[in-house]
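Architecture at a glance
What follows is the residue order along each chain.
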Amino acid sequence: DVARKIALTHALRRLREGDAAGANPILAAAASGGLPDSCLGDEQPFAVTLARRLAAMNSGMGAVDAAAPGGALWRNAVDGCLLRCCVAGLEVHEEVLRLILAASARMTSDDLRVLVEATLHVTRKSRKVNKRRAKPIVYEYEPIVAKGVVGGRRGQSG
């Protein structure tokens, strides 16, 4: 548990420094079983940070080719880790969608469609549960309807 957290933190630090080659082996190990499904909830902060870091690496003038969609880093980080981590919480799902939006200029429309459908498929069950748990919308103040009252005053009494 501790070794996994240290390795994932090291991968995030490598990405912060722009060293995709240093982070890729760690993310490959996490994608191939080093990040078990039972621990996805514990690694929610890691997933949020990873999604934000990859979004920054894929947007603007400073876009890094090593982090481009379709590359080894993308496959290990997004397909291997982040898509599975979407079930950990709403914040992870939102950040993954922001990542997809940031990288969408570098993807074909088919790749974009497949990725968005994959996030929706992974989160189907959790979205259904959250929808059932949502509180119904109740209007606290209903309009008062009374006969003979116009603008808060009684009509002219004769």
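Considering the environment of P69
Assignment of secondary structure puts P69 in the loop between helix 3 (44-57) and helix 4 (72-85). The sequence separation of P69 and S104 amounts to 35 residues, and the corresponding C-alpha distance is 8.7 Å. Residues in contact with P69, not counting those within four places in the same chain, are N58, W74, A103, R106 and M107.

Let's talk about the packing of helix 3 against helix 4
Remark: helix 3 packs on helix 4, axes separated minimally by 10 Å, with the N-to-C direction vectors making an angle of 140°. As summarised for this structure, helix 3 and helix 4 are arranged oblique, according to the angle between their axes. Along this stretch, helix 3 crosses helix 4, giving a crossing that reads as left-handed. Together, A47, L50, A51 and L54 of helix 3 and L73, A77, V78, L82 and C85 of helix 4 make up the contact between the two elements. Of the residues belonging to the contact of helix 3 with helix 4, the class tally is 9 nonpolar, no polar and no charged.

Side note on the nonpolar core
Of all hydrophobic cores here, the largest spans 36 residues; its most connected members are L27, L50, L54, V78 and L82. Among the secondary structure elements, those contributing two or more residues to this core are helix 1 (2-16), helix 2 (20-34), helix 3, helix 4 and helix 5 (90-103). The contacts of L50, once residues within four sequence positions are left out, are L12, L15, L27, A77 and L82.

Here is what the cut-offs are and how they apply
Residues numbered from 1 in each chain as written. Predicted model: local features only at pLDDT ≥ 70, side-chain atom pairs only at ≥ 80, totals over all residues. Heavy atoms only, no water. Helix = DSSP H or I, 4+ residues; strand = E, 2+ residues; numbered from the N terminus. Contact = heavy atoms within 4.5 Å. Axes fitted to C-alpha atoms, helices over the stretch in contact; angles between N-to-C directions. Parallel < 35°, antiparallel > 145°, perpendicular 65-115°, else oblique. Left-handed = near helix turned anticlockwise from the far one by under 90°. Nonpolar A, V, L, I, M, F, W, Y, C, P; charged D, E, K, R; others polar. Core = buried A, V, L, I, M, F, W, Y, C linked by side-chain atoms within 4.5 Å. Buried < 20%, exposed > 50% of the residue type's maximum accessible area, 1.4 Å probe, protein only.

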